[in-house]
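Below are the chains, spelled out letter by letter.
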Amino acid sequence: SPQAKQVLRKIHAEFSPSDVVPKYHQLFTIMRRNIIDGTLRADDQLPTSGSIASLLRINRITVDRAIQKLVEDNLVERIQGKGTFVRMTTPKINSREIVGVIAPTQGHIWDDFTRLMVRGLAQHDLYCMMTDFSLVHGDVPLSKELVWKLKKVIDSKPGHLVIDGVSRFPFELLNTFRGQLIFMNCFESDMDLEANYVLSDYEVGGRLVGDHLLSLGHNKIAFIVPKIEPRHKVNLAIFTGLKESFHKNGISEDNIQLVGIEDEESLRRSLKSPNRPTAVFSHSDYRAMMVYEVAG
C-alpha cells in the first residue's frame, strides 16, 4: 500500500544500524510514531517483516520482535495468512509521554545533541516534539512564523518542556504552561518561573579560566564575545568569574580586555593592536574557531 511504502521510506531514513539503541527498539519506535501521528491509520497494513529485513539488511527475527512489541501495546494485530494491521482503536498518545524540546538543532554541537536526546527519550518510550530555535540572530525581531511554531509546541501541553532559554526567547509564552518545565544550558530571563534547571555555571567557568591562564603566566587576557549587553547574562557571568579570579590573585581587572567582535576583520584589528593580550579566551568554541583562523 502507499502508506506501507511511506513507512518503509521513513524506516530507511531514520534507522541507524550503528546506533547504541537496539535495532528492534528503533524499529518499534519508528513504526509506533507512524501509527500515533496518523501516517498509518486503522486497518492499514504494515510492511512485511521480510521487506523491512531486506531493506535494512538485518535479521528477520529482529523485525518480528519489534512488531511483537507493537502487538503487545495493542497498536497492531496479526491476522493469520493476511498480515499485520493497525488496530481499529489505536490508543492516543498520553501528554505525559510527550517531551517538547525548543532548542537549536543545527550546527556542530546541536546536531549530535538533539539526535542523542531523541534517541535517549525513545528508549524510555517518550515521544520527542522538537522545534528548531537556531534561526535567531542579532537584533532582528522573531518572525511570526517562528513564534507560531513555539506557541504550537507549548499549547499542545506536552508533559515536559525542555528549553534553551537564551535572551531572545519569548518567555511570556510560558505563562500558561502547566507541565514540567526544564531549562538547559542557559536561562536569560528575569521572570519567576517554576522550573527545573540543568544549567552550566558560567561564573565558576570564568573563574577556572582565569585561574588556569594566570597559572600559565598570563596576566593580560582578552575575553572575546560577540557583544556584551545586560540581556546576555552568560557573557556577564563569565566576565564576573574572570574578574573574581584576578582579584583573588591580586591582579587588577583592568588587565582583562573585553573585546566585542562582529566579524573576522574586527578581531584581526584587535589582535594587531600594540596593547594586545598575551592570551585570548572566547565565550564559545564557535567564536574560538574564528580566533584560530585569524591568529593562525
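Residues numbered from 1 in each chain as written. Predicted model: local features only at pLDDT ≥ 70, side-chain atom pairs only at ≥ 80, totals over all residues. Heavy atoms only, no water.

### Structural notes on the overall build of the chain
Then, in step 1: Along its length, the chain carries ten helices and ten strands.
Then, in step 2: By the compact-globule yardstick of 19 Å for 296 residues, the chain is too spread out, its C-alpha radius of gyration being 25 Å.
Then, in step 3: Taking the principal axes of the C-alpha coordinates as reference, the chain spans close to 85 × 45 × 30 Å.
Then, in step 4: Across the 296 residues of the chain, 41% fall into the buried class.
Then, in step 5: Counted over contacts in the chain with a minimum sequence separation of 6, partners at least 24 positions apart contribute 60%.
Then, in step 6: For the chain, the accessible surface area stands at approximately 16,800 Å², while carbon and sulfur atoms represent 52% of it. (Helix = DSSP H or I, 4+ residues; strand = E, 2+ residues; numbered from the N terminus. Rg over C-alpha atoms; globule rule 2.2 N^0.38 Å. Buried < 20%, exposed > 50% of the residue type's maximum accessible area, 1.4 Å probe, protein only. Contact = heavy atoms within 4.5 Å. Areas by Shrake-Rupley, 256 points an atom, 1.4 Å probe, with all protein chains shown as cover.)

### Section: the sheet that holds strand β8 (residues 221–225)
Then, in step 1: Strand order in the open sheet formed by three strands is β9-β8-β10, with parallel pairing between adjacent strands. The open sheet terminates on both sides in strands that have one partner only, identified here as β9 (256–260) and β10 (279–282). Neighbour-to-neighbour, the strand axes of the sheet open up by a mean angle of 25°, direction not taken into account.
Then, in step 2: Pairing analysis gives five bridges linking β8 to β9, with the strands arranged parallel. Bridge pairing in β9 places Phe223 opposite Leu258. (Pairing = 2+ DSSP bridges. Axes fitted to C-alpha atoms, helices over the stretch in contact; angles between N-to-C directions.)

### A word on the environment of Phe239
Then, in step 1: By the secondary structure assignment, Phe239 is in helix α8 (residues 233–248).
Then, in step 2: In this structure the C-alpha to C-alpha distance between Phe239 and Ser49, which are 190 residues apart in sequence, comes to 58 Å.
Then, in step 3: Setting aside anything within four residues of it in sequence, one finds Phe239 in contact with Phe223, Ile256 and Leu258.

### Section: the environment of Lys144
Then, in step 1: Topologically, Lys144 is positioned in helix α6 (residues 144–155).
Then, in step 2: For Lys144, a relative accessible area of 77% gives the class exposed.

### Describing the sheet that holds strand β5 (residues 160–165)
What links the strands of a sheet is backbone hydrogen bonding, and the strands pair in either a parallel or an antiparallel sense.
Then, in step 1: Taken together, the five strands give an open sheet; going across it, the order is β4-β3-β5-β6-β7, and neighbouring strands pair in parallel fashion. In this open sheet, the two edge strands, each paired with only one partner strand, are β4 (127–132) and β7 (196–199). Along the sheet, successive strands turn relative to each other by an average axial angle of 20°, direction set aside.
Then, in step 2: Pairing of β5 with strand β6 (residues 180–187), which is carried by five bridges, proceeds in the parallel orientation. Paired with Val162 across the strands is Ile182, a residue of β6.

### As for the confidence of the model for the chain
Then, in step 1: Of all residues in the chain, 90% have pLDDT values of 70 or greater, and the mean over the chain is 82.
Then, in step 2: Mean pLDDT across the elements of the chain ranges from a minimum in helix α5 (residues 110–123), with 74, to a maximum in helix α4 (residues 60–72), with 92. (pLDDT = per-residue confidence, 0-100.)

### A closer look at helix α7 (residues 202–215)
Counting along an α-helix, one turn takes 3.6 residues, and residues three or four places apart therefore face a common direction.
Then, in step 1: Helix length check: α7, at 14 residues, gives a terminal C-alpha distance of 20 Å against a target of 20 Å (1.5 Å per residue), a fit within 8%.
Then, in step 2: All of the buried residues along α7 are Tyr202, Gly206, Gly210, Leu213 and Leu214. What you see down the axis of α7 is that its buried residues fit within an arc of 110°, all on one side. Structural note: α7 exposes Leu208 and Ser215 on the side pointing more than 90 degrees away from its buried face.
Then, in step 3: Check the buried side of α7 and you find it contacts β6, β8, α8 and β10.
Then, in step 4: Positive phi shows up at Gly217, right after α7, with a value of about 95°. (Expected span 1.5 Å × (residues − 1). Arc of directions from axis to C-beta.)

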